[in-house]
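As a plain string of letters, each chain reads:
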Amino acid sequence: MSAPGKTNPPASGFAIEVEGIECRYGDRVVLEGVSFAVKRGEIFFIIGGSGCGKSTLLRNIVGLNQPPKGAVRYFGRDFTHAGTAERKALLRTFGVLYQSGALWSSMTVRENVALPLELYTGLSRRERDELVGLKLAQVGLSGYEDYYPAEISGGMKKRAGLARALALDPAVVFFDEPSAGLDPITSLKLDDLIRQVRDTLGTTIVVVSHELASIFGIADRVIMLDRDVRGIIAEGDPRTLEQKTGDVRVREFLNRRLEPVGQEKGAPA
Amino acid sequence: MSQTASQARVEATLEGDLLQVRVGGDWQIMEDRPLWSEALGGGQPVRARIVADGLGAWDSSLAMYIQEARVWASAHGSELAIDGMPDGVLKLVDLLAQKPGRPTGRAAGLPDPFTPVGLATVTLWREIKDIAQLVGESAYSMGRFFRGQAQFRWRDCLSEMQQCGAMGLPIVGLISFLVGVTMAYTGSLVVRQYGGDIWLADMVGLAVVREMGPMMAAVVLAGRTGAAFAATLGNMKANEEIDALQTLGVSPVDFLVMPRMTALFFMMPLLALYSDCMGMLGGMAIAAAPPMNIPPSLYWAETKTIVDLSDINTGLLKAATFGLLIGLAGCLRGLQADRSAAGVGEAATRAVVTSILLIVITDAVYAVIFNVLGW
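If you're wondering where the values come from, they're calculated on a predicted model, not measured in any experiment.

A. Looking closely at the overall build of chain A. If you tally the helices and strands in chain A, you get 9 helices and 10 strands. On C-alpha atoms alone, chain A measures out to a radius of gyration of 19 Å, which is about the 18 Å that the 2.2 N^0.38 rule sets for 269 residues. For chain A, the C-alpha atoms occupy an extent of roughly 65 × 50 × 35 Å along the three principal directions. In chain A, which comprises 269 residues, the proportion classed as buried is 40%.

Set out below in structure tokens:
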């Protein structure tokens, strides 16, 4: 990773910094003035109920939506206001695993994982194939190189998607609801894989999720978003968050139990 | 031991000013059920009492019956007592009686004539912006392509060429041949009246090469390939595959749209030439048949007297333009598709309609241009 230029603020210890971001879904403002930072090498979860804006926030951070206000910085380098070349360079520092894997359906697993290598490295075909084999082995999908996405199961698609996200050895990997549609054991294995990736490669991990099992399983730190507040209502280690916070919404979420007194009369999800 | 299902039954007896209604049997929503009005029997008792007596299985139909009774009671100021009913029935009746919750914000009622016109205008304006945006991005993409910087894969382009070009030959051939036949047949009815049988060759030849050849090939391709592009891209959008390209720093226009437009740009003129030949063959077939009996060699010689290279060139220029338009429309509709099952189908339909619209408009524009230029 090249050092930031003179006009950028000095390299901070944070992998991602989000400052005063406003996120919209169509015309509706979903989040306002949200700020947080993700440390290098940590497993960071963005959690909250349905409709709280987790996925919209993710889309804004990875550049699929342009936030009308606020900024996102990767390793101290501004991403939101960057020019085309800088933006492209920063895109290569992170990978994304989409909810259903988002594998390109007209290409085999090998071609999917190899595309980033084809586009951004000067490796020969043989070298690319070797790397593809390595990445698939890392995610436990060896031998499935020549299968098409339609021929493999949901869990396998996610693994293939992860292999693709890891193709360029990014410094950050984003996961959008990784446990969605997975049975508890497959979900557990995926969580283990995520932890392994962080432990062996030092990758910073950001997960958008509402799976309590994963949150308590692998998260180092979480932020919890709320639909009505349109911002963060809690931040910290999920295991101690419940004791630290007096917020009933946080307690209800983490304990998966509605509290009888002063129950929220929110709109049905 | 299974119980035979017994019919829902109601026994209503009037005891002074009190109507006793005994409800029993199995009440099932899919069977006929008694109505409260039957129990009243035309009378308007001051008090009424519904009591369960030998009640078997029950469901919402029983709740509806009791609700009917309640509505009657409140309308006529009568007292209604309900005894011996299972708790579940009363809970259901309460839910039935509840007024609808907070308004959903969707107003019912007939639309006025102005709102749809306004909405359509706004939609049309957005359409024009979307098309302009895609045209602009394609132009940038082409610029990158010629500078060697585009993320364009030739293997994708060649694959599309095979799909739309080579695999389109049978259907384009068939349609063009039949169009030639039809034109020749209808035309022959006219020319034969003036003894000008041979000029059928001129008519069919010119019409096919300048108009029908490119047009028929374009319409077939709009249906085949335009719809396919829209469906493919629409599905990719629903599956987040386009997002996956964007977060990889790949321009979807470079990677998906340009290969397709390029493929059509090269294949359409070839298909148009092929379509010209098939159309003229169709004309030749009708001319060779009785009653005209014009030998093919004579037909061909006559065709060559009027059809020249400039006619063929204008046809090919049109065809290349049509190809670009079909690619544009197909990809645009695909990228605009709704992320739902119906959305992809709708995108395919819109792709075909937009393609054909653009083709016909462009054809008219070219007719004027060529007329002015004298081509």
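B. Region of interest: the environment of A:Val222. Within the fold, A:Val222 resides in strand S9 (residues 221-226). For the pair A:Val222 and A:Cys23, spaced 199 residues apart in sequence, the C-alpha separation works out to 19 Å.

C. Spatial organisation of the packing of helix H11 (residues 309-335) of chain B against helix H12 (residues 341-373) of chain B. All names here are of chain B. Between H11 and H12, the least distance of the axes is 8 Å, while the angle of their chain directions is 150°. Taken together, the axes of H11 and H12 lie roughly antiparallel to each other. Note that H11 runs across H12; the crossing there is right-handed. Contact residues: Thr-314, Lys-318, Thr-321, Phe-322, Leu-325, Ile-326, Ala-329, Gly-330, Arg-333 and Gly-334 in H11; Ala-347, Arg-350, Ala-351, Thr-354, Ser-355, Leu-358, Ile-359, Thr-362, Asp-363, Tyr-366 and Phe-370 in H12. Counted by class, the contact of H11 with H12 contains 10 nonpolar, 7 polar and 4 charged residues.

D. Molecular detail of the packing of helix H3 (residues 109-120) of chain A against helix H4 (residues 125-139) of chain A. All names here are of chain A. Their axes nearest at 9 Å, the elements H3 and H4 cross at an angle of 120°. Between H3 and H4, the angle is such that the two are oblique. Between H3 and H4 the crossing geometry is right-handed. Between H3 and H4, the contacting residues are Arg-110, Val-113, Ala-114, Leu-117 and Glu-118 on the first element and Arg-128, Leu-131, Val-132, Lys-135 and Leu-136 on the second. The residue makeup of the contact of H3 with H4, split by class, is 6 nonpolar, no polar and 4 charged.

E. Layout of the sheet that holds strand S8 (residues 204-208) of chain A. Residue and element names in this part refer to chain A. An order of S6-S7-S8-S3-S9-S10 is seen for the 6 strands of this open sheet, with the pairing classed as mixed. Both edges of this open sheet fall to strand S6 (94-97) and strand S10 (231-236), since each of them pairs with a single strand only. Strand-to-strand twist of the sheet, defined as the mean angle between neighbouring strand axes without regard to direction, takes the value 15°. Pairing of strand S7 (residues 172-176) with S8, which is carried by 5 bridges, proceeds in the parallel orientation. Within the sheet, the bridge partner assigned to Phe-175 lies in S8 and is Val-207. Sheet contacts for helix H5 (residues 154-165): S6 and S7; angle to S6, the most-contacted strand, approximately 170°.

F. Quick look at the domain arrangement of chain B. Splitting chain B by domain gives domain 1 (9-97) and domain 2 (145-373). The distance between the C-alpha centroids of domain 1 of chain B and domain 2 of chain B comes to 71 Å.

G. Quick look at helix H9 (residues 248-255) of chain A. Residues and elements named next belong to chain A. Buried within H9 we find Val-250, Phe-253 and Leu-254. Angularly, the buried residues of H9 cover 90° about the axis, an arc narrow enough to put them on a single face. Buried-residue contacts for H9 involve helix H7 (212-218), S9, S10 and helix H8 (238-244). A positive backbone phi angle near 55° is found at Arg-256, which sits one or two residues after H9.

H. Molecular detail of the interface of chain A and chain B. Listed per partner, the contact involves 14 residues of chain A and 11 residues of chain B. Elements that contribute at least two residues to the side of chain A that touches chain B include exactly helix H2 (84-91) and H3 of chain A.

I. Molecular detail of unusual backbone geometry. Put simply, B:Pro290 and B:Pro291 share a cis peptide bond, and its omega is 10°. Within the fold, B:Pro291 resides in the loop between helix H9 (252-288) and helix H10 (296-306). The phi dihedral of A:Ala102 falls on the positive side, at around 50°, and the residue is not glycine. Considering the arrangement of structural elements, one finds A:Ala102 in the loop between S6 and H3.

J. Representation of the nonpolar core in the model. Formed by 142 residues in total, the largest nonpolar core has its most connected members in A:Ala163, A:Val173, A:Phe174, B:Ala217, B:Ala218, B:Leu221 and B:Met268. With near-sequence residues (within four places) excluded, A:Phe174 lies in contact with A:Leu58, A:Val62, A:Phe94, A:Val96, A:Leu97 and A:Val206. Of all hydrophobic cores here, the second largest spans 19 residues; its members include B:Val23, B:Ala39, B:Trp58 and B:Val89.

K. Examining the environment of A:Ala15 more closely. All names here are of chain A. With respect to the secondary-structure elements, Ala-15 resides in strand S1 (residues 14-25). A tally of 24 C-beta atoms within 10 Å means that Ala-15 is categorised as buried. For the pair formed by Ala-15 and Ile-218, sequence separation is 203 residues and the distance between their alpha carbons is 18 Å.

L. Main features of the sheet that holds strand S4 (residues 79-83) of chain B. Residues and elements named next belong to chain B. Taken in spatial order, the 4 strands of this open sheet run S1-S2-S3-S4, and their pairing is mixed. Since the sheet does not close on itself, it has two edges, and those belong to strand S1 (9-15) and S4, each with one partner. On average, each strand axis in the sheet is tilted by 20° relative to the strand beside it, whichever way the strands run. In terms of strand pairing, strand S3 (residues 47-55) meets S4 through 5 bridges, oriented parallel. Paired with Ala-48 across the bridge in S4 is Leu-80.

Rules of the game
- Residues numbered from 1 in each chain as written.
- Chains lettered and ligands numbered in written order.
- Predicted model: local features only at pLDDT ≥ 70, side-chain atom pairs only at ≥ 80, totals over all residues.
- Helix = DSSP H or I, 4+ residues; strand = E, 2+ residues; numbered from the N terminus.
- Rg over C-alpha atoms; globule rule 2.2 N^0.38 Å.
- Buried ≥ 20, exposed ≤ 12 C-beta atoms within 10 Å, placed from the backbone.
- Axes fitted to C-alpha atoms, helices over the stretch in contact; angles between N-to-C directions.
- Parallel < 35°, antiparallel > 145°, perpendicular 65-115°, else oblique.
- Left-handed = near helix turned anticlockwise from the far one by under 90°.
- Contact = placed C-beta atoms within 7 Å.
- Nonpolar A, V, L, I, M, F, W, Y, C, P; charged D, E, K, R; others polar.
- Pairing = 2+ DSSP bridges.
- Domains from an automatic or database assignment.
- Arc of directions from axis to C-beta.
- Core = buried A, V, L, I, M, F, W, Y, C linked by C-beta atoms within 7 Å.

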